[in-house]
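# Overview (structure and organization)
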Amino acid sequence: MSSNLIAGKDVQQWKDDYPLLEKISRLEEVFWRNIDYGTKKEMEYLSSKDITDALERLERFAPFIETMFPETLHTKGIIESPLKKINKMKNQLKHVYKIDISGELLLKCDSHLPISGSIKARGGIYEVLKHAEDLALENGLLTNTESYTIFSSARFKELFSKYKIAVGSTGNLGLSIGIMGASLGFQVTVHMSSDAMTWKKNLLRRKGVTVIEYQTDYSHAVEAGRRQAETDPTCYFIDDENSKDLFLGYATAASRLKEQFKKRNIIVDEDHPLFVYLPCGVGGGPGGITYGLKTEFGENVHCFFAEPTHSPCFLIGQMTGLHDRVSVFDFGLDNRTAADGLAVGRPSSFVGQAIGHLLSGCYTIDDQRLFSFLRKLVDTENLFLEPSALAGFYGPIQLFRTIEGKKYLDCHQLNDKVSNALHLVWATGGSMVPKEMVSEYYEEKIEE
Ligand SMILES: *Cc1c(COP(=O)(O)O)cnc(C)c1O
């Protein structure tokens, strides 16, 4: 049998079955509508109770976080990000793309989450805290009454210093886990893929984190972390491809968002649909958030994932149903993109199977367009995001102008409701990028 077969079929057969793959392999920007969306399938392994449990755990840890990270004083140790109206950017998009984004446009600024400045401050930090709590309980250091400020005590640090945490990352997950892990006293090792930015590695080393660099991509870095933990019983591996705790940490975003909507009198219901555009790497961040949003808003929320044209792993895995049995390399792509947070060649099969029926669709975006959005957002709103975090902006544009996007609106009887819609672009990182890098990104040459 030829080694070029993917799950029993060759590339041409897959392209015949899914013609979109031809465009994808030519690096064209595509918009894919998920025909499995809404097919009712109960989630087997998670429930809304698990999200509540995660929210309560984060509340228990809030006094500790507030003590250790003064930037969370104003939220009393809750790690949350602002919602921002971006009307000037909306007008700019209307002008450039000659398209009216019907409804409101808001930015969810996870780029400005405290402690680690990216969406990973949700999942990554949550899983480190959960692990610390588990160890403290196992070692009889917690009754049920004390304040979790006790996690900053010498006794706890001394316990955690005997334990290791390992993770593979393209950068931001490593930052979140390294910063929180080190502050609790853990020995943290971050296995960094070739895409990881030097400043992220340096920052972690300054915090006492061991950073191991690889010349290969994300999947290999994760594999290296997994191997490190396998041979060492004191080492806990945070598995970006399979972790339910990471997923639940992300999912907590939704009930917080609902509170923010309430405060602003924003309504989401049958006549006021919510469209959310989430940059996607391996799928855990956008997948967890989608799971949370579907739990809160049901069929009134419509979630779309955004990937670089060079790394559309989640789209391919979902469309073909192959999940992690297929990679972007199988279709001739190179997984090279300036969107380092999204430089993932093979998706999480756990996430794909968990939220496949909740996802409205995926689209791809060219790196040049990411830089064009980056510059426009600085020029109009004086707001900087890292390249990965801009992928969401193309969502509302593609929804209204592609055939498949329009079909989506038709199929779900949304055309007469879109004027009441809220489009939420999820900005996933950027506030920790050093000044020199910001100018470099801003100056990036783009052909327009
Ligand atoms: C990690 C990351 C994402 C995507 O999250 P996944 O869990 O990998 O899908 C998006 N944007 C940024 C900036 C990230 O760091």
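- Going by the annotation in an unreviewed UniProt entry, the name recorded for the protein is Probable D-serine dehydratase, with Heyndrickxia oleronia given as the source organism.
- Per UniProt, the comment on the protein under Catalytic activity (unreviewed entry) is "D-serine = pyruvate + NH4(+)".

## Section: the overall build of the protein
- Of the regular secondary structure elements, the protein holds 18 helices and 11 strands.
- Taking 2.2 N^0.38 as the reference for a compact globule, 448 residues should give roughly 22 Å; the C-alpha atoms of the protein span a radius of gyration of 21 Å, in line with that estimate.
- Along the first, second and third principal axes, the C-alpha set of the protein runs to 60 × 60 × 45 Å.
- For the protein, the proportion of contacts with a sequence separation of at least 24, taken over those separated by at least 6, is 75%.

## Structural notes on helix α17 (residues 403-411)
- G405, Y408 and L409 are the residues of α17 that are buried. Taken end-on, α17 shows its buried residues confined to a sector of 95°, consistent with a single buried face.
- Next to the buried residues of α17 lie β1 (31-33), β8 (274-279), β9 (301-308) and α16 (394-401).
- Looking one or two residues past α17, Q413 carries a phi angle of roughly 50°, positive in sign.

## Some words on the packing of aromatic side chains
- One pass over the full model with this rule turns up 26 aromatic pairs.
- Here the aromatic rings of Y37 and Y408 are separated by 6.1 Å at their centres, their planes lie at 45°, and the arrangement is tilted. Taken together, the residues span a long stretch of sequence, with Y37 in the loop between β1 and α3 (48-68) and Y408 in helix α17 at a distance of 371 residues. Each member of the pair Y37 and Y408 is classed as buried.

## Focus: the packing of α3 against helix α7 (residues 172-184)
- Where α3 meets α7, the axes come as close as 12 Å, and the angle between the chain directions of the two elements is 90°. The angle between the axes of α3 and α7 places the two elements in the roughly perpendicular class. Contacts between α3 and α7 involve F64, I65 and M68 from the former and M180, S183 and L184 from the latter.

## A look at the nonpolar core
- Judged by nonpolar contacts, the single largest core of 153 residues is most densely connected at F151, M180, L184, F275, I355, F373 and F393.
- Broken down by element, the residue count for this core peaks at eight residues, all from helix α5 (residues 120-138).
- Built from parts of two domains, this core gets at least three residues from each of domain 1 (11-45 + 75-115 + 247-442) and domain 2 (119-243).
- Excluding residues that lie within four positions of it along the chain, F393 makes contacts with I86, M89, L93, L107, Y363, F373, L377, L385 and V425.

## Describing the environment of I65
- Relative to the assigned elements, I65 resides in helix α3.
- Accessibility expressed as a relative area gives 1% for I65, which makes it buried.
- Along the backbone, I65 and S183 are 118 residues apart, and their C-alpha atoms lie at a distance of 9.9 Å.
- Leave out the neighbours within four places in its chain, and I65 touches T72, G77, I79, I115, L129 and M180.

## Observations regarding the domain arrangement of the protein
- When cut into domains, the protein gives domain 1 (11-45 + 75-115 + 247-442) and domain 2 (119-243).
- Just the C-alpha atoms count here: the centres of domain 1 and domain 2 sit 27 Å apart.
- Counting residues at the interface gives 35 residues for domain 1 and 25 residues for domain 2.
- Buried surface at the junction of domain 1 and domain 2, summed over both partners, amounts to about 2400 Å²; 59% is from carbon and sulfur atoms.
- Broken down residue by residue, the surface that domain 1 buries against domain 2 is led by I115, Y250 and D340, which jointly contribute 24%.
- Taken together, the links from domain 1 to domain 2 amount to four salt bridges.
- When the shortest N-O distance is used, the salt bridge between D110 and R122 registers 2.7 Å.
- At the boundary of domain 1 and domain 2, one finds 10 residue pairs in polar contact (both at pLDDT 80 or more).
- Ranked by residues supplied to the side of domain 1 that touches domain 2, first place goes to helix α10 (residues 244-251) with four residues.

## Structural notes on the site of the ligand
- Neighbouring residues of the ligand: 15 residues in total, closest K120, N172, G283, G285 and T428.
- Within the side chain of N172, one N or O atom sits 2.7 Å away from an oxygen atom of the ligand.
- Contact with the protein chains hides 98% of the accessible area of the ligand, taken as 380 Å² for the molecule alone.
- The biggest single contributor to the shell around the ligand is helix α12 (residues 284-297), with three residues.

## A word on the environment of G103
- With respect to the helices, strands and loops of the structure, G103 is situated in the loop between α4 (87-97) and β3 (104-109).
- What makes G103 buried here is its relative accessible area of 17%.
- Residues G103 and D10 lie 93 residues apart in sequence; the distance between their C-alpha atoms is 44 Å.
- Non-local contacts of G103, meaning those with residues more than four positions away in its chain, are made with K90, V418, S419, A421 and H423.

## Some remarks on the UniProt feature "modified residue: N6-(pyridoxal phosphate)lysine" (unreviewed entry) in the protein
- Mapped onto this numbering, the UniProt entry annotates "modified residue: N6-(pyridoxal phosphate)lysine" (unreviewed entry) at K120.
- Leave out the neighbours within four places in its chain, and K120 touches I125, N172, L173, S176 and Y250.

## Quick look at the environment of E133
- Structurally, the position occupied by E133 is in helix α5.
- Sequence separation between E133 and T234 is 101 residues, and the spatial gap between their C-alpha atoms is 15 Å.
- Residues contacting E133, with those up to four places away along its chain left out, are R57, R60, F61, L142, Y148 and F151.

The rules behind the values
- Residues numbered from 1 in each chain as written.
- Predicted model: local features only at pLDDT ≥ 70, side-chain atom pairs only at ≥ 80, totals over all residues.
- Heavy atoms only, no water.
- UniProt positions renumbered as here; feature names shortened; annotations may be inferred.
- Helix = DSSP H or I, 4+ residues; strand = E, 2+ residues; numbered from the N terminus.
- Rg over C-alpha atoms; globule rule 2.2 N^0.38 Å.
- Contact = heavy atoms within 4.5 Å.
- Buried < 20%, exposed > 50% of the residue type's maximum accessible area, 1.4 Å probe, protein only.
- Arc of directions from axis to C-beta.
- Phe/Tyr/Trp six-rings, centres within 6.5 Å; stacked < 30°, edge-to-face > 60°.
- Axes fitted to C-alpha atoms, helices over the stretch in contact; angles between N-to-C directions.
- Parallel < 35°, antiparallel > 145°, perpendicular 65-115°, else oblique.
- Core = buried A, V, L, I, M, F, W, Y, C linked by side-chain atoms within 4.5 Å.
- Domains from an automatic or database assignment.
- Buried area = accessible area lost by both parts, 1.4 Å probe.
- Salt bridge = Lys/Arg side-chain N within 4 Å of Asp/Glu carboxyl O.
- Polar contact = N/O pair within 3.5 Å; in protein donor to acceptor, adjacent residues only side chain to side chain.
- Near = heavy atom within 4 Å.
- Areas by Shrake-Rupley, 256 points an atom, 1.4 Å probe, with all protein chains shown as cover.

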